[in-house]
Structure formats: structure tokens, C-alpha cells
Amino acid sequence: MSENRPILQMFGIHKRFPGVHALNDVRFRMFAGEVHALMGENGAGKSTLIKVLTGVYPVDEGSVEWEGRPLHLRSPLEAQQAGISTVYQEINLCPNLSVAENIFIGREPRKFGKISWKAMNRAAEALLAERLNVKLDVTKPLDTYSVAVQQLVAIARALNISARLLILDEPTSSLDRDETNKLFEVMRHLKKQGLAILFVTHFLDQVYEVSDRITILRNGRFVGEYLTDELPRVELVQKMIGKDLELLGGMPKRTAAPGEAKPPYLRASGLGRKGGVEPFDLTIGSGEIVGLAGLLGSGRTETARLLFGADRADQGRLVIEGREIRLDSPRKAIDRGIAFCSENRKSEGIIEDLTVRENIILALQAHRGWFRALSRRRQEEIADEYIRALDIKPPDPEQFIRNLSGGNQQKVMLARWLLMNPRLLILDEPTRGIDVGAKAEIQKLVLSLSREGMAVLFISSELEEVVRVSSRIAVLRDRRHVRHLTGDDIQQTTIMQAIAGG
Amino acid sequence: MSVRWWNKPLFWPLAVFGLLLLLNLIFKPEFFAIRYQNGHLYGSLIDILNFGSPLAIVAIGMTLVIATRGIDLSVGSLVAISGAMACLTISRGDDQHALSLVLTAVLLALLVSIALGLWNGLLVAGAGIQPIIATLILMVAGRGIAQLITSGQIITVTSKPYNFIGAGWLMTLPFSVYLAAAVFLFAAWMTRKTSLGMFIEAIGCNPTASRLAGIRSRSILLAVYMFCALCAGIAGLITSSNVSSADGNNAGLWIELDAILAVVIGGTSLSGGRFSLTGTLAGALLIQTLTTTIYMLGVPPEITLVVKAFVVLAVCLIQSPSFRRSLTRGIPWSPAASGQEVSRHG
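Note that the coordinates shown come from a computational prediction; the quantities given were computed from them, not determined experimentally.

**Observations regarding the UniProt feature "transmembrane region" (unreviewed entry) in chain B**
Residues and elements named next belong to chain B.
Here comes step 1: The sites that UniProt annotates as "transmembrane region" (unreviewed entry) are residues 6-27, 48-67, 98-116, 162-189, 220-239, 251-270, 277-297 and 303-320.
Here comes step 2: Annotated as residues 162-189, this span is 75% helix and 14% strand, and its ends, taken at the C-alpha atoms, are 28 Å apart.
Here comes step 3: Note that residues 277-297 is 95% helix and 0% strand, and that its end C-alpha atoms are spaced 30 Å apart.

See the structure below:
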């Protein structure tokens, strides 16, 4: 296959946004009849590259060659006309229309100006049977079918006659095992017809199952292009994260875990949620820092949300301080002494319209109820105390939080939860997007909190950081807890091997 | 961050308010005349306070609902229901002048209003229906309920104590002005001395983050819709007692739109979050002054609504920072840029 000329070649692609160099000298190519996986962690530039490729963004610099000719896309419509079709993560179909209508909407076959329903239904059936190898009753409304079938219909819709390149952005994120297999069958079938398929996913197993070629991006830069068979999993993970195994070999690791003898603060057994994270066992003791490691989308955040009651578990048991409990709301978790700093600071953490002071006292005040208001003086004392303790800048409690930098907003979130004096603190990516100094401060703070007896669940994409602070680590892959590491096993090498898996 | 004076939320409504007064000063100086007669103050300014009080009261309730990212379209119907409920109770009594009867009627009307507010709140917070649809139900059905209560007639009462609510005077000023002031002070106290105001802003600004911070948004939403309905109920009592009758069809007609307008003019965003009760009060006064001014200046009745619309449009445009910038720089107005600008100033 690789001796063919590529149908798509992109060279020296640059894309800048205010303050971000989203694509920095990126190369990318696609071959007909191949499934090409685009890999990278958060912020690697995958979605920007796709948007450039589909005409959503213009390129700032660089050249795109499509079927041997230079290509300048100005809109998604032009991309479609050129033969580049996309199926986005959220399905953009009309659930109340029939399958055939969804496939042909906007380009219905007409006869004397009237829609010819018969011709449309026949064409839809033929399209599904020949190109996707599936048989459906195309006259039934779309929402009578499962999400997986809807996904297939979306693909059928994207495949007009001229389509040469199909982009599938996270198509499997809401599918179960069988549905994913069905989708892969269709992908292989399309591949045989000479279609080039660009596949974006967070699931490593799926990459190795279905793709022929892998391109890796990191921080907006091109890392490399490899044939899937020639790239071992561990290497893939290293290249995505940007660490070399040899260099990491002798990292020092934390000594004995404190508080192991005491009964654990929290014990989850078989806790899980369909579509979120597969059932897992996890214990966290008081004074212990448990790390969660894994790639983006591996189920780390989903685990945290179950333990905080932000999502409801649909199976398994949760025991907190010896008592079994069903967490169905964050309130309940907070009442039991759990605090959760979300990774999505902007959408799930700060309240932009409120001041630093109000953001700090929000959880405590919510816990007290609206009528037992903290006096203004008490609020100011608290705010001043935490602004000083965490060195929040600017040190002005009446400043609106949206005017603070990311790192300082993060400190305000920490202040909000530390004020609750929690027994378990869940930190999801507490150091993402903040500068090195603030990062070290937060790590130090976490260690000192655990020495004072607080249980901490620490989630981070940076292995170095997880290794440094954790006394135990649970490693996740493809929404499963795959390994628990303790003692001398807590090393970046072992974590990376566990993430890469079989 | 220092905010320039023309970016303060209250500046523009007050500026337009001042402009209206200036217009009156030039063309109708008698606008400012206040006479003292039989222990009462009379004059256009007093009329504005008097006639504006139902709108101000409804708008105060509406402010809190809008701050939660909601809206309450049913307040006009609630005005009608509350007045109908009170007048029906009084008209059925043996002695219409008995204070106990009037108090019972008032209490009953307000309880019904609160119950209907609870219904709105349950639809929004319990059933998760969009506020505009949820309250539209009662907006339409409420008119029907009001007419059922009055049996399709206009109920007239002769009760003196009831008439006092909307037409009485206390210490030289109309009684309704005291009611509006009381509602305003109560709302201000509730939102700023307890943490209700902060929770309302948090829910309106970021519902997800509020839930994760442990705020009971459901009960707060219920309370806010109930308070808004209570405000509408009080406004309904003033409106119906002022004319000693209940008109299920026309009482409070379109008041929801004026109330929403007052809130927006007062600087509270329809997308929820930060709210200003003082701003709403200024907005309500502005709308009432405008109405009175139009009459005073002798604008022909058939074009009053158009004039009113233009003034409101002017106020809304001039409040938008990007529109003001385009005026000074002569560049085309882009709403997309305005969103960023607003969030930066805050």
C-alpha cells in the first residue's frame, strides 16, 4: 500500500491563535485504502489539524496537496466538494426523520420537482448495502436504531459519490464492544473500496486493531509517522507523552506509604458506570496519596466523578469510613467530607461572575445553607487568609475571578475546597496549564496535607508528578483500571508499560 | 481594574432618565410642580411613583428569576388572578368594609400566587422544562383561571379598606409607593444579607460548577419563582384595588414585557448571573417616566407605542460597549466582538 502516491500531503503547516501556536510545522499525509490514526494528548493539535483539513480554519502557512494538485479550502462545503467528508463526535442527524431522509437530506432525488420517495429509499438501501455492507429498513425513523447504527447512517450520509477521504472523529466514544466491532467491519469494508480513513480516538487497543498507519502530534508539533505494525505500544505512549524510557530508568521514588495499617477512608468495590468507566476496586486511606495515571479519556476523570457523586454509579459498592453509601449528588459527597477540584476549571470550577472572595467561600456557604450566611467580616478574614497562604495574585479578594490567571484561579479552587477541611481531596489535573513555580507549590501543598492526615486522589497526565507525590498508583487504560502499583513499582517506566498494555 | 464612569451599569439608564426630565423641564415645566393638598402630595412626579409601583414590584421579582438564567412570562396572568381572587372573596363577604374580610382576601390572593409560583418552579427545577415554555403555560392558562374566578365578568367591590391598598395615602404619599419600597428592601435584604443572592448568581452564571460546589439549586429555583409570583400577586392587589374591581382579561396585560425590559435596562443580563435590584428599580422608573412624559408632551396616542419603542431601543443600544465604540470610530458594529468586550469589563 505504501508504494502508492499519497492522496493527501500537507507540508509545513502552521496555525496560530492568539497566544497559542496550535500547529507548528506539521506534516501529514494519507494514502488511499488505509486507516490512519491521528494520535496525541490534549492540546497536541489533532482537532486543529482536522479543522484545517476540512476547511473550517484557513492555514496560516504551509501547503496542502490533494490528489496531486494544490488545495486551498475556504469552507467545509469546499472540502466536501473536493471529496473530504467528516463525521463528527456528536452525531448531527435528525432523530425524527427516516434513515433515508437523513442520508439524502438537502440532496433528495427529484422527479418533476417533487421528491421521489421510492427512488430515495432504494438509493439509501443500495448505499448502505454496497458501501457499508449493512441492511436496514431505511423508512424507519432514525431514533428507533441504536447509537451505533446512527453512527453508520452518519457515515453513509458523509459518503457522497466523490468522497475519497473520510474523517472519523472519536466515533467509538459512546459505543460498546460489539458496536465498535461492527463499526470496524464497516471501516475495513470501506478501506477495501479504496477510501482513505482518518481515525481519531483515545483508545489504544482500537488503534492497533484497525489502523495501518499512525501519525503522532505533541504540543502542536509533528512527532512522527509510523506503520502501526512497526511501532510498539510503549513507544507510542512515550512519543505521545514525550518521555524516553531510558532516561527515566533511575528516577527516585517515594518511600513507604503512611497510614496503610489504618482502615481505609474509602473503599470502592466493583464500582462502575456504563459508558463511563468499567467496574473497579479502589481503596484510599487517610493520609495516603493515591495517583491515577492514564492517557486522556482513559477513565481517570470518570473514576473521580463517581467517587464524588457527580455521576451516579450503576453498579458496585462504595464504603466510606466503614459505612456503605450511595452517592447520587455532589452534596452527599461533600457532607461525607469529600472535595473535588475538576479539571475543567472554567466550566466546572470557577463562577466567573463572582469575586475571588465569593468563589472561595462558595462551597462552605452552600454547606451551611443560604440562611446561615457567614458575616462579611468572616468572609473577608477567610479570603485574606487563603490568599496569603496560597499566594493568590493579585491579592485582592474583591477582584472578579475571571480577571485572574489560570494558575491563580486554580489556587482559588484549592482554597474553596481546603476551607471545607475535607477528609478526601480529589484533584483532577490540578497543575495543568499553570507555571512551573505554582506547580511545585501545589505539589508541596498536597504532600503536606497528606502528612496531616488528609486522603488525596491525585490525577495528572504528567507521570513525573504522579510518581513524585503518590504512595500508590492505579493505572487506567481504555476506561479500565488495569494495574495497581505500590512501592518500588512506582516508576514512570512501569506506569508507561501499564498504560501501553498488551 | 478601574471602570470608566460610562461603563458603570447604572450610568446609561440614569442618563436617559435625566434626559427625559430635561425634556419635560423645557417643554412642560409644570411636570415638576408638586402641590400639597389635604395632607397629600400631588403632581406628575408623584403619579410616576404611584403608577409605576406595580411595575417596579413585578420587575424586582423578575430580576431574581432572570438572574438564575430563567424568565417568568406568567406574571401578567398572576396579576389578574391575584386581583380576581381578592375581589371575589370580598364581594362574597357580608360586610365589605370589615378589615378582617379584606385581610383574609389579601392573604388568600397572595397564597394562591405563591402556589402558582411553586408550580412554575416545579416545572423548571423539577421537570427541567425551559423557563420560557414552563411559564408560558401559566401565562396562557392563568388568563383562563382569572376569568373562571370572575365568571367572565368584571367584579366590582366597594370595600374602603381594600381600596386603600392601591388608592390610599399614607404620610403624604400614595400607599403603593410604600409597598414597592418594602418589596425592594425585603428583596435587597434577602439577597445581600443572606447568601441567597450569591447562590442565585452562581446558578445563573454556571449551573454545573454550582452543582459541584454543593449548592441546592432546586430549592433555590423554587424559592425564586415563588418570590416572583408573590411580587406579581402584590402588584395584582394594587392594580385591582386602585380601581376597586377585578378584570380577568385586562389586568396586568403585557406587564411581563415591561418588567423584563426594566430588568434589562437596569443592567441584568438575560443570560443570568450578576443582577442589580437598584438597576431594575431605575429601569422601571424610566419606563413609567417615559409613558407619563409621552402623555404630558401631547404625543398623539396612536404613535405613543412607537415612540416608546424607539426610546427603549436607544437605551439598549447605548448600553452596548461595542455599539458605542462603533459610533466613535465609525466602524461597523460586530456583536461577536461585543461579547468579549463585555466579559473583559464586567
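**A short note on the interface of chain A and chain B**
Here comes step 1: Each partner contributes to the interface: chain A provides 33 residues, whereas chain B provides 28 residues.
Here comes step 2: Between chain A and chain B the total buried area reaches about 2400 Å² when both faces are included, carbon and sulfur atoms providing 62% of it.
Here comes step 3: Ranking the residues of chain A by area buried against chain B places Arg331(A), Asp353(A) and Trp370(A) at the top, with a combined share of 26%.
Here comes step 4: Seen at the junction of chain A and chain B, the total is 1 salt bridge.
Here comes step 5: Within the residue set of the side of chain A that touches chain B, elements represented by two or more residues are helix H11 (330-335), helix H12 (345-349), helix H13 (356-368) and helix H15 (406-418) of chain A.
Here comes step 6: For the side of chain A that touches chain B, the element with the most residues is H13(A), which contributes 6 residues.
Here comes step 7: Broken down by class, the residue content of the side of chain A that touches chain B amounts to 17 nonpolar, 8 polar and 8 charged.

**Focus: the state of the cysteines**
Here comes step 1: Under the defined criterion, the tally for this structure stands at 0 disulfides over all chains.
Here comes step 2: Summary of cysteine pairing: Cys341(A) is not part of a disulfide, and the nearest cysteine sulfur, belonging to Cys205(B), is at 17 Å.

**Focus: the pattern of salt bridges**
Residues and elements named next belong to chain A.
Here comes step 1: Within the structure shown, the criterion is met by 32 salt bridges over all chains.
Here comes step 2: Between Lys346 and Glu352 there is a salt bridge whose closest N-O contact spans 3.0 Å.
Here comes step 3: Residue Glu398 is joined to Arg357 by a salt bridge in which the shortest nitrogen-to-oxygen separation is 2.7 Å. With a gap of 41 residues between them, Glu398 in the loop between helix H14 (376-389) and H15 and Arg357 in helix H13 connect regions that are remote in the sequence.

**Regarding a nonpolar patch on the surface**
Here comes step 1: The grouping of Leu19(B), Leu22(B), Leu23(B), Leu25(B), Ile26(B), Phe27(B) and Leu297(B) at the surface amounts to a nonpolar patch, some 660 Å² of accessible area in total.
Here comes step 2: Within the element layout of this structure, Ile26(B) appears in helix H1 (residues 11-27).

**Focus on the domain arrangement of chain A**
All names here are of chain A.
Here comes step 1: For chain A, the domain assignment lists domain 1 (8-245) and domain 2 (264-500).
Here comes step 2: Using C-alpha coordinates to define each centre, domain 1 is positioned 35 Å away from domain 2.
Here comes step 3: Listed by partner, the interface residues are 16 residues for domain 1 and 17 residues for domain 2.
Here comes step 4: Taken over both partners, the interface formed by domain 1 and domain 2 buries close to 1600 Å², and the fraction arising from carbon and sulfur atoms is 61%.
Here comes step 5: Our count for the contact surface shared by domain 1 and domain 2 stands at 0 salt bridges.
Here comes step 6: If you look at where domain 1 meets domain 2, you find 3 residue pairs in polar contact (both at pLDDT 80 or more).
Here comes step 7: When residues of the side of domain 1 that touches domain 2 are traced back to their parent elements, those giving at least two are helix H7 (204-210) and helix H8 (233-241).
Here comes step 8: The dominant element in the side of domain 1 that touches domain 2, judged by the number of residues it contributes, is H8, at 6 residues.
Here comes step 9: Counted by class, the side of domain 1 that touches domain 2 contains 7 nonpolar, 4 polar and 5 charged residues.

**Observations concerning the side chain of Ser176(B)**
Residue and element names in this part refer to chain B.
Here comes step 1: If you trace the backbone, Ser176 turns up in helix H7 (residues 175-193).
Here comes step 2: On the basis of relative accessibility, which here comes to 0%, the residue Ser176 falls in the buried class.
Here comes step 3: Among residues more than four places away in sequence, those in contact with Ser176 are Asn50, Ser53, Ile165 and Ile238.

**Focus on the sheet that holds strand S18 (residues 338-341) of chain A**
Residues and elements named next belong to chain A.
Here comes step 1: As summarised here, the arrangement of the 6 strands in space is S18-S19-S20-S15-S21-S22, forming an open sheet in which the pairing is mixed. Of all the strands in the sheet, the pair left with one neighbour each is S18 and strand S22 (480-486). With direction set aside, neighbouring strand axes in the sheet form an average angle of 15 degrees.
Here comes step 2: Bridging between strand S15 (residues 289-293) and strand S21 (residues 472-477) involves 4 bridges; their strand directions are parallel. Residue pairing across strands places Ala293 opposite Val475, the latter belonging to S21.
Here comes step 3: Sitting on the sheet, helix H18 (residues 492-500) touches S15, S21 and S22, and the angle it makes with S21 is about 30 degrees.

**Overview of the pairing of strand S6 (residues 84-87) of chain A**
A regular strand places its side chains so that they alternate between the two faces of the sheet.
Residues and elements named next belong to chain A.
Here comes step 1: Because side chains alternate across S6, one face comprises the buried residues Ile84 and Thr86, and the other comprises Ser85 and Val87, equally buried.
Here comes step 2: As paired elements, S6 and strand S9 (residues 165-169) share 4 bridges and run parallel to each other. Paired with Val87 across the two strands is Leu168, which belongs to S9.

**Re helix H10 (residues 300-308) of chain A**
All names here are of chain A.
Here comes step 1: Within H10, 8 of the 9 residues are buried, leaving the element largely enclosed by the surrounding structure.
Here comes step 2: Residues Arg300, Thr301, Thr303, Ala304, Arg305, Leu306, Leu307 and Phe308 constitute the buried set of H10.
Here comes step 3: Where H10 ends, the next residue or the one after it, Gly309, has phi of about 75 degrees, a positive value.

**Overview of the packing of aromatic side chains**
Residue and element names in this part refer to chain B.
Here comes step 1: Tallying each qualifying case throughout the model produces 8 aromatic pairs over all chains.
Here comes step 2: With a centroid separation of 4.8 Å and 40 degrees between ring planes, the pair formed by Phe164 and Phe175 is classed as tilted. Within this pair, whereas Phe164 is found in helix H6 (residues 160-167), its partner Phe175 is found in helix H7, the two being separated by 11 residues in sequence.
Here comes step 3: Ring centres 6.0 Å apart and planes at 40 degrees place the aromatic pair Phe186 and Phe227 in the tilted group. Of this pair, Phe186 sits in helix H7 while Phe227 sits in helix H10 (residues 217-242); the two residues are 41 residues apart in sequence, bridging distant segments of the chain.
Here comes step 4: Phe186 sits in the partly exposed class, given a relative accessible area of 40%.

**Notes on the pairing of strand S10 (residues 196-200) of chain A**
Residue and element names in this part refer to chain A.
Here comes step 1: In terms of residue burial, S10 counts as a mostly covered element, since 5 of its 5 residues are buried.
Here comes step 2: Judged by which residues are buried, S10 turns out to be covered on both faces: Ala196, Leu198 and Val200 on one side and Ile197 and Phe199 on the other are all buried.
Here comes step 3: When strand S3 (residues 35-39) meets S10, the two strands line up parallel, connected through 4 bridges. Across the sheet, the residue bridging to Val35 is Ile197, located in S10.
Here comes step 4: Bridging between S9 and S10 involves 5 bridges; their strand directions are parallel. Counted as the bridge partner of Leu168 is Phe199 from S10.

The rules behind each value
Residues numbered from 1 in each chain as written. Chains lettered and ligands numbered in written order. Predicted model: local features only at pLDDT ≥ 70, side-chain atom pairs only at ≥ 80, totals over all residues. Heavy atoms only, no water. UniProt positions renumbered as here; feature names shortened; annotations may be inferred. Helix = DSSP H or I, 4+ residues; strand = E, 2+ residues; numbered from the N terminus. Contact = heavy atoms within 4.5 Å. Buried area = accessible area lost by both parts, 1.4 Å probe. Salt bridge = Lys/Arg side-chain N within 4 Å of Asp/Glu carboxyl O. Nonpolar A, V, L, I, M, F, W, Y, C, P; charged D, E, K, R; others polar. Disulfide = S-S within 2.5 Å. Patch = residues over 30% accessible without salt bridge, like charges linked within 9 Å, V, L, I, M, F, W, Y side chains within 5 Å. Areas by Shrake-Rupley, 256 points an atom, 1.4 Å probe, with all protein chains shown as cover. Domains from an automatic or database assignment. Polar contact = N/O pair within 3.5 Å; in protein donor to acceptor, adjacent residues only side chain to side chain. Buried < 20%, exposed > 50% of the residue type's maximum accessible area, 1.4 Å probe, protein only. Pairing = 2+ DSSP bridges. Axes fitted to C-alpha atoms, helices over the stretch in contact; angles between N-to-C directions. Phe/Tyr/Trp six-rings, centres within 6.5 Å; stacked < 30°, edge-to-face > 60°.

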